[in-house]
Amino acid sequence: MNTANVTLTNIESLVEQVLVSRQISSIHQQQLQLILLYDSVSNQEKTLIERVLYGIRHKLLQVVG
């Protein structure tokens, strides 16, 4: 499964926006989870995505919409 050819730049930008605002849309959350499951990602991309998912699990980030 290819989740719209997400690049490192796109992931970095999304993660930066999420960490600054402390909010993530439910759609972006699902996309990040799918990227980890179905796309081959670099260690750097995996680390960024895992930081966001950690924040969600530990209620440090709020899922909206």
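Up top is the structure these notes are about.
A brief look at the structure comes next. Predicted, not measured: the structure shown is a model, and the values here were computed from it.

**Things to note about the overall build of the protein**
Here is step 1 of the chain: Counting its regular elements, the protein contains 3 helices and 2 strands.
Here is step 2 of the chain: Written out in order from the N terminus, the α and β elements of the protein read α-β-α-α-β.
Here is step 3 of the chain: C-alpha atoms of the protein, sized along the principal axes, occupy 25 × 20 × 15 Å.
Here is step 4 of the chain: When each of the 65 residues of the protein is scored for burial, the buried share is 29%.
Here is step 5 of the chain: Considering only intrachain contacts with a sequence separation of at least 6, the fraction spanning at least 24 residues in the protein is 70%.
Here is step 6 of the chain: Accessible surface, the protein: about 4,500 Å² in total, of which carbon and sulfur atoms supply 50%.
Here is step 7 of the chain: Each charge class in the protein was averaged separately, 5 positive and 5 negative side chains, and the resulting centres sit 13 Å apart.

**Quick word on the packing of helix H1 (residues 8-21) against helix H3 (residues 43-57)**
Here is step 1 of the chain: Put simply, H1 and H3 touch, their axes get as near as 10 Å, and they point 25 degrees apart. Considered as vectors, H1 and H3 are oriented roughly parallel to each other. When the axes of H1 and H3 are compared, the crossing they make is left-handed. Across the interface between the two elements, Leu 8, Ile 11, Glu 12, Val 15 and Val 18 of H1 pack against Gln 44, Glu 45, Leu 48, Ile 49 and Val 52 of H3.
Here is step 2 of the chain: By residue class, the composition of the contact of H1 with H3 is 7 nonpolar, 1 polar and 2 charged.

**Quick word on the nonpolar core**
Here is step 1 of the chain: Within the largest apolar cluster, 13 residues are counted, with the highest numbers of intra-cluster contacts made by Val 18, Ile 24, Leu 32, Ile 49, Val 52 and Ile 56.
Here is step 2 of the chain: At the level of secondary structure, the elements contributing two or more residues to this core comprise H1, helix H2 (26-38) and H3.
Here is step 3 of the chain: In terms of residues, this core owes the most to one element, H3, which gives 5 residues.
Here is step 4 of the chain: The contact partners of Leu 32, leaving out residues within four places of it in the chain, are Leu 14, Ile 24, Ile 49 and Val 52.

**Side note on H1**
Here is step 1 of the chain: Helix length check: H1 (14 residues) gives 20 Å between terminal C-alpha atoms against 20 Å at 1.5 Å per residue, within 8%.
Here is step 2 of the chain: Every buried residue of H1 is listed here: Ile 11, Leu 14, Val 15 and Val 18. Down the axis of H1, the buried set is contained in an arc of 100 degrees. They therefore lie on one face. Among the exposed residues of H1, those oriented more than 90 degrees off its buried face are Thr 9, Glu 16, Gln 17 and Val 20.
Here is step 3 of the chain: Looking at the buried positions of H1, the neighbouring elements they touch are strand E1 (23-25), H2 and H3.
Here is step 4 of the chain: Phi for Arg 22, located one or two positions after H1, is positive at around 60 degrees.

So, how was this worked out
- Residues numbered from 1 in each chain as written.
- Predicted model: local features only at pLDDT ≥ 70, side-chain atom pairs only at ≥ 80, totals over all residues.
- Heavy atoms only, no water.
- Helix = DSSP H or I, 4+ residues; strand = E, 2+ residues; numbered from the N terminus.
- Buried < 20%, exposed > 50% of the residue type's maximum accessible area, 1.4 Å probe, protein only.
- Contact = heavy atoms within 4.5 Å.
- Areas by Shrake-Rupley, 256 points an atom, 1.4 Å probe, with all protein chains shown as cover.
- Lys, Arg positive; Asp, Glu negative; His and termini not counted.
- Charge placed at Lys NZ, Arg CZ, Asp CG, Glu CD.
- Axes fitted to C-alpha atoms, helices over the stretch in contact; angles between N-to-C directions.
- Parallel < 35°, antiparallel > 145°, perpendicular 65-115°, else oblique.
- Left-handed = near helix turned anticlockwise from the far one by under 90°.
- Nonpolar A, V, L, I, M, F, W, Y, C, P; charged D, E, K, R; others polar.
- Core = buried A, V, L, I, M, F, W, Y, C linked by side-chain atoms within 4.5 Å.
- Expected span 1.5 Å × (residues − 1).
- Arc of directions from axis to C-beta.

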